[in-house]
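# Report on the structure
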Amino acid sequence: MPPAAARRVPYKDFLQPALQRRFASTAGFLLAISYVEALTLSKWNHAVFPWMPIGLPGIRTLAIFGSILPIIILRIAHSHIGIRTSYSSVDTFRRIAISFETIETIITFTISSWLFSQIYLLSTSADANLSWITYYSGDRARLNERALFYTINLMLIGFVQGVAHKFLDHDQIVLGKVKTKREGEANNQELSSWEKLRGEILRIIIESGTLSITVSIINYLAVYHFVRRSAWGWALYFFRIFYSLPKSNIPPAQAPWSFWMLGRSIWAGFLLCLLWSLGNAVFRLQLGKAPLKNSQPLSAESKDPNGSLLNGLKSKKPRVSAFALWELALIAQDFDDRRRSIFQDIDRKDGPMWSQIYVTCLDIIKSLEMRIDNYGKPPAPPVAQAAVTPPQPAARIVPPPKTDDVWAPAPPQSGLRNSIGRAAKSIVGSSGQTPAEIYLPGAKKKAQEAAEHFLTEEQRKALSPQGFSTLFQGLLLRVLIVPIIGEWFQQTFDHRLTVVILGQPYGELSIYINAAYALSKLSVSSLTEDQFGNVQRDVPTIIRTFTGVIKKLEMFRDNFPVHWTDVSHKRECHQVDELLDALKEGLGELIAAFGQYSADLRLTRAEMRLAREAAVRRQAEPEVAGPEMQQVR
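An account of the accompanying structure is given in this report. Counting starts from 1 at the beginning of each chain's written sequence and moves along it residue by residue. Side-chain atom pairs in this predicted model are given and counted only at pLDDT of 80 or more, local residue features only at pLDDT of at least 70, and totals for whole chains, interfaces and linings cover all residues. Side-chain metrics in this entry use all non-hydrogen atoms of the structure; hydrogen atoms and water are not considered.

### A few points about the overall build of the chain
The helix and strand tally for the chain stands at 22 helices and 8 strands. Out of the 633 residues belonging to the chain, those deemed buried represent 42%. In the chain, of all internal contacts separated by at least 6 residues, the share reaching a separation of at least 24 is 81%. Per-residue accessibility takes into account occlusion by the displayed protein chains alone, with areas from the Shrake-Rupley method and a 1.4 Å probe. Accessible surface for the chain amounts to roughly 37400 Å². Of this, 61% is attributable to carbon and sulfur atoms. Only DSSP runs of H or I covering at least 4 residues are called helices, and only runs of E covering at least 2 are called strands; the numbering of each starts at the N terminus. The rule is simple: take the accessible area with a 1.4 Å probe, protein chains only, and divide by the maximum for that residue type; under 20% is buried, over 50% is exposed, in between is partly exposed. By definition in these notes, contact holds between two residues if any of their heavy atoms fall within 4.5 Å.

Right, dumping it as structure tokens:
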């Protein structure tokens, strides 16, 4: 056990260097890809110089890497944990369409594409005729529209990629979920990030080629026609600073259309999209690696490993606490020595190590129940600040002087004549009924009688407010069934239930699964590793909490209404089902380990029966529902 005077190093001091090392690995990989793409732009007129890193290929490699460096910085700034939760695609669009992060993302990708386009143009040979300035009839300089077309095409690809990057939420860091290993089941967590990348190479190549081909063809057929004149004027305005160009801003009569130019623009766009996509995949896989270093937990390097891990579990930053929970679950699964040290660490200021882990993890699981209880309730009003009473003046011994207005008129005299005048004035000044108050009730009655006389029952229902509402919903349902447009407006059961259970704007599922696994695995391991018996006091509370949360989640899911815009009416939610499976699995292990000690743990038969019912998985119900019900009876 660490001495009491040992300094507890914050968990982020171990997590941050690990993330920086992974960022360096990503940058090194992208530098290698930049070198490969630089070789595709080299002139192969020699056996050695076109591929030597020292020389022009090396300079071109650094330039290509510099064009993607803004994207790497953007990923670091915008990275977050958890999936984006919203009621519908329109809700997501409304929330992020004009946000600063979206504008920054689109501008960054556009700048990156512009930098790459200039590197590509400078790297092509003179025979390709892709330089910005060409000379005709002697020394007469002219602006080359081919270079302008390539630049516009790649900048348009950058704009589309920026929009797709933001709306597909590529900034998410995907964290791992620790689950019980089953025999014959492949464990994807043991695969390295490079092995996972190998399985995604084909998909990345196809997506990059599809994006480049689609945007280039659309630009070739339509977009460039609309931006040609303004882009030509801006290019002339810039290059007139350095060259003597014609004063006319009118572009040439014939645009440089050719299939050769379209093919080269598609190839340039493919190289750029491939660089972006590979960088995004490697960044996601590297930052989503388990919190391990040299096959040991990150906190193992601390002088007080348990204290540093506990600091991460209690951190207010979601990313730090999520990685700490992931590490705790891995310790409970694979690291026996660290697991025993948790049970033996009892001399801490705020209580034993296990007790603090127990409280932290149980609060995370209880937050699901709290979120369900608060669903549909109005938000709590802000706490009103207590009114500050002004200081009271000191009591006077002598009464203060009178402050009456000496110039005020005398009060009206009382008498019969004055009383009659005031009564007449009040009668004349009072307002009577308006014409609307007089004639409107009769007009309503006449209109109702005419409707009953001339209109049928169906027509009267159609003209009622409820009829108009039904007609409006029918028109909207026709729009909602349209395959692409309607999906944007549908509030599906999956999206709405995920918002309620995981919260907004982001919800991270791994923290609940890892917390449930850590509690159950540590509790089961305590039967042979807890020498002081601290865990057994908390096992009944863990079983009751798991049972209550599972029951409440299932009841809430089964009774959760389907929104009228959800035309599919599918009552499926993958996120909630995965969460329930993790809770049921942990509860099942607790029942299997402590079921025979239920009397000693002061768990009643009713509580154990409810726990066993809650631990039954949904997919197993059709096969075992009958026998189980017979045993209960």
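Back to the text.
### Section: the packing of aromatic side chains
Under the pairing criterion, centres of Phe, Tyr and Trp rings, with the six-membered ring standing for Trp, must be within 6.5 Å; the plane angle then separates stacked pairs below 30 degrees from edge-to-face pairs above 60, leaving the rest tilted. Within the structure shown, the criterion is met by 20 aromatic pairs. Between the aromatic rings of F149 and Y220, the centroid separation amounts to 6.3 Å while the plane-to-plane angle is 85 degrees, which identifies the pairing as edge-to-face. Placement of the pair is F149 in helix α5 (residues 145-167) and Y220 in helix α6 (residues 193-239), with a sequence separation of 71 residues. For F149, a relative accessible area of 0% gives the class buried. For Y220, a relative accessible area of 13% gives the class buried. Geometrically, the ring pair formed by F238 and F239 is edge-to-face, given 5.2 Å between the ring centres and 85 degrees between the ring planes. The exposure class of F238 is partly exposed, given its relative accessible area of 45%. Through successive ring pairs, a cluster of aromatic residues spans Y120, F149, Y150, Y220 and Y224.

### Focus: the layout of surface pockets
Here the second largest pocket defines a volume of roughly 730 Å³. Residue lining of the second largest pocket: 24 residues in total, with I83, R84, F167, L168 and D169 positioned closest to the centre. Elements that contribute at least two residues to the lining of the second largest pocket include exactly β2 (83-84), α3 (89-96), α5, α7 (259-287), α17 (493-502) and α20 (574-594). Residue classes in the lining of the second largest pocket are distributed as 8 nonpolar, 12 polar and 4 charged. Buriedness for pockets is judged along seven lines, at least five of which must meet protein on both sides within 12 Å for an open set on the 1 Å grid over protein atoms alone, while cavities are sets there where a 1.4 Å probe fits but cannot get out, and lining residues have an atom within 4 Å of a point. Grid points are joined across faces, edges and corners, and a volume is the space filled by probe spheres set on the points. Three categories are distinguished: nonpolar for Ala, Val, Leu, Ile, Met, Phe, Trp, Tyr, Cys and Pro, charged for Asp, Glu, Lys and Arg, and polar for the others, with Gly belonging to the last.

### With respect to the pairing of strand β4 (residues 140-143)
The side-chain alternation of β4 yields one buried face, formed by A141 and L143, and one unburied face, formed by R140 and R142. Examined bridge by bridge, strand β3 (residues 133-136) and β4 share 4 bridges and lie antiparallel to one another. Counted as the bridge partner of I133 is L143 from β4. Think of it this way: DSSP has to see at least two bridges between two strands before they count as a pair.

### Side note on the pattern of salt bridges
Each salt bridge in this description consists of a side-chain nitrogen of Lys or Arg and a carboxyl oxygen of Asp or Glu lying within 4 Å of one another. All told, the structure shown has 25 salt bridges when counted by the stated rule. Two residues, D337 and R340, come together in a salt bridge whose shortest N-O distance is 3.3 Å. Here D337 pairs with R340, and both are found in helix α10 (residues 336-344), just 3 residues apart, close to one helical turn. A relative accessible area of 62% places D337 in the exposed class.

### Re empty space enclosed by the protein
Taken as a whole and judged by the stated rule, the model has 1 cavity of 30 Å³ or more. Counted as a void, the largest cavity has a volume near 70 Å³. Considering only residue class, the lining of the largest cavity consists of 6 nonpolar, 3 polar and 1 charged.

### Considerations on the side chain of T92
Mapping T92 onto the fold places it in helix α3. Once residues lying within four places of it in the same chain are set aside, the contact partners of T92 are R84 and S86.

### Regarding the packing of helix α9 (residues 318-334) against α10
How two helices sit against one another is set out by the angle between their axes and by the gap between those axes. Direction vectors running N to C along α9 and α10 enclose 105 degrees, while the axes themselves pass 6 Å from each other. For the element pair α9 / α10, the angle class is roughly perpendicular. Judged by residue contacts, E327, L328, I331, A332, Q333 and D334 of α9 engage D336, R338, R339 and I342 from α10. Classifying every residue of the contact of α9 with α10 by side-chain character gives 4 nonpolar, 1 polar and 5 charged. Axis definition: a line fitted to C-alpha atoms, limited for helices to the stretch in contact. Angles are taken between N-to-C directions and run from 0 to 180 degrees. Working rule for angles: under 35 degrees goes down as roughly parallel, over 145 as roughly antiparallel, 65 to 115 as roughly perpendicular, anything else as oblique.

### Looking at a nonpolar patch on the surface
Patch rule: a residue counts if its relative accessible area is over 30% and it has no salt bridge; like charges are joined within 9 Å, and nonpolar side chains (Val, Leu, Ile, Met, Phe, Trp, Tyr) within 5 Å. Taken together, the side chains of F93, I481, V482, I484, I485, W488, F489 and V567 make up a nonpolar region of the molecular surface, amounting to roughly 760 Å² of accessible area. Ranked by residues supplied to the nonpolar patch, first place goes to helix α16 (residues 485-489) with 3 residues.

### Thoughts on the packing of helix α11 (residues 353-373) against helix α19 (residues 539-559)
Contact pair α11 / α19: the axes reach a minimum separation of 10 Å and the direction vectors enclose 20 degrees. Classified by the interaxial angle, the pair formed by α11 and α19 is roughly parallel. Pair α11 / α19 crosses with left-handed handedness. Of the residues in α19, those in contact with W354, Y358, L362, I365, K366, L368, E369, I372 and D373 of α11 are T541, I542, T545, F546, V549, K552, L553 and F556. Looking at the contact of α11 with α19, its residues break down into 11 nonpolar, 2 polar and 4 charged. Handedness of a crossing follows from how the near helix is turned relative to the far one, being left-handed for an anticlockwise turn of less than a right angle and right-handed for a clockwise one.

### Notes on the environment of E508
Checked against the element boundaries, E508 lands in the loop between β8 (506-507) and α18 (510-529). With sequence-adjacent residues up to four places away left out, E508 is seen in contact with I81, G82, I173 and L175. Polar contacts, as used here, are pairs of N or O atoms within 3.5 Å; protein pairs need one atom able to donate a hydrogen and one able to accept it. Residues neighboring in sequence count only if both atoms are side-chain atoms. In this structure the side chain of E508 is engaged in a polar contact, spanning 2.7 Å, whose partner is the backbone nitrogen of G82. Within the structure, E508 has its side chain in polar contact with the side chain of S510 (distance 2.6 Å).

### Focus: unusual backbone geometry
With an omega of -5 degrees, the peptide bond running from Q504 to P505 counts as cis. Tracing the backbone through its elements, the reader meets P505 in the loop between α17 and β8. Phi at D169 takes a positive value of approximately 55 degrees, unusual for a residue other than glycine. Here D169 is to be found in the loop between α5 and β5 (172-173). Classification of D169 by relative accessible area gives buried; the value is 12%. Backbone geometry places S295, a non-glycine residue, at a positive phi of 65 degrees. Mapped onto the elements, S295 comes out in the loop between β6 (292-293) and β7 (296-297). On the basis of relative accessibility, which here comes to 57%, the residue S295 falls in the exposed class.

### Digging into the environment of S568
Locating S568 in the fold gives a position in the loop between α19 and α20. Here the alpha-carbon distance between S568 and I481, two residues 87 residues apart in the chain, equals 9.1 Å. At 2.8 Å, the side chain of S568 and the side chain of D566 are in polar contact.

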